[in-house]
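# Secondary and tertiary structure notes
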Amino acid sequence: MPNSLMPFLSYVSGLLAEVVMDRKTRPRVPIVEDEYLIASMLQQLLEQRGARVSGPAAQVSTALELIASEEGLDCAMLDVSA
């Protein structure tokens, strides 16, 4: 895992833990990431923190289908690198 990713994952983990504590239902979070290892780590981290994860989706078309099929998404993890 790239060292630059660790602060981000730690931050997301903390935010998600707060969201889960304030809710009666588990938050729904789709993952859109084309790098398998990063997507897998995000999925594992989010599920450990109580999220219901959709995906991961590696392509835009798959991601759009995934998001369209979900109701009541709470947030999304999107790959935004150029």
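Refer to the preceding data block for the structure.
Okay, the overall build of the protein next. Each helix and strand counted, the protein has three helices and three strands in total. Reading the secondary structure of the protein in the N-to-C direction produces α-β-α-β-α-β. Across the 82 residues of the protein, 29% fall into the buried class. Long-range pairs, those at least 24 residues apart, make up 69% of the contacts in the protein between residues at least 6 apart in sequence. Just so you have it, the protein exposes about 5600 Å², and 56% of that area is on carbon and sulfur atoms.

This part is about the sheet that holds strand E2 (residues 52-57). Read across the sheet, three strands follow the order E2-E1-E3 without closing on themselves; strand pairing throughout is parallel. Two strands in the sheet have a free side with no partner beyond their single neighbour: E2 and strand E3 (77-78). Direction of pairing for strand E1 (residues 28-32) relative to E3: parallel, over a ladder of two bridges. Bridging across to E3, Val-32 finds its partner in Leu-78. This element, helix H2 (residues 36-48), spans E1, E2 and E3 of the sheet and lies at about 175° to E2.

With 13 residues, H2 ought to run about 18 Å at 1.5 Å a step, and its terminal C-alpha atoms sit 18 Å apart, in line with that. Listed in full, the buried residues belonging to H2 are Ile-38, Ala-39, Leu-42, Leu-45 and Leu-46. Projection of H2 onto a plane perpendicular to its axis shows the buried side chains occupying an angular sector of 135°, all on one side. Summarising the geometry of H2, the exposed residues directed more than 90 degrees from the buried face are Tyr-36, Leu-37 and Gln-48. Positive backbone phi, at 100°, marks Gly-50, one or two positions downstream of H2.

Conventions we followed
- Residues numbered from 1 in each chain as written.
- Predicted model: local features only at pLDDT ≥ 70, side-chain atom pairs only at ≥ 80, totals over all residues.
- Heavy atoms only, no water.
- Helix = DSSP H or I, 4+ residues; strand = E, 2+ residues; numbered from the N terminus.
- Buried < 20%, exposed > 50% of the residue type's maximum accessible area, 1.4 Å probe, protein only.
- Contact = heavy atoms within 4.5 Å.
- Areas by Shrake-Rupley, 256 points an atom, 1.4 Å probe, with all protein chains shown as cover.
- Pairing = 2+ DSSP bridges.
- Axes fitted to C-alpha atoms, helices over the stretch in contact; angles between N-to-C directions.
- Expected span 1.5 Å × (residues − 1).
- Arc of directions from axis to C-beta.

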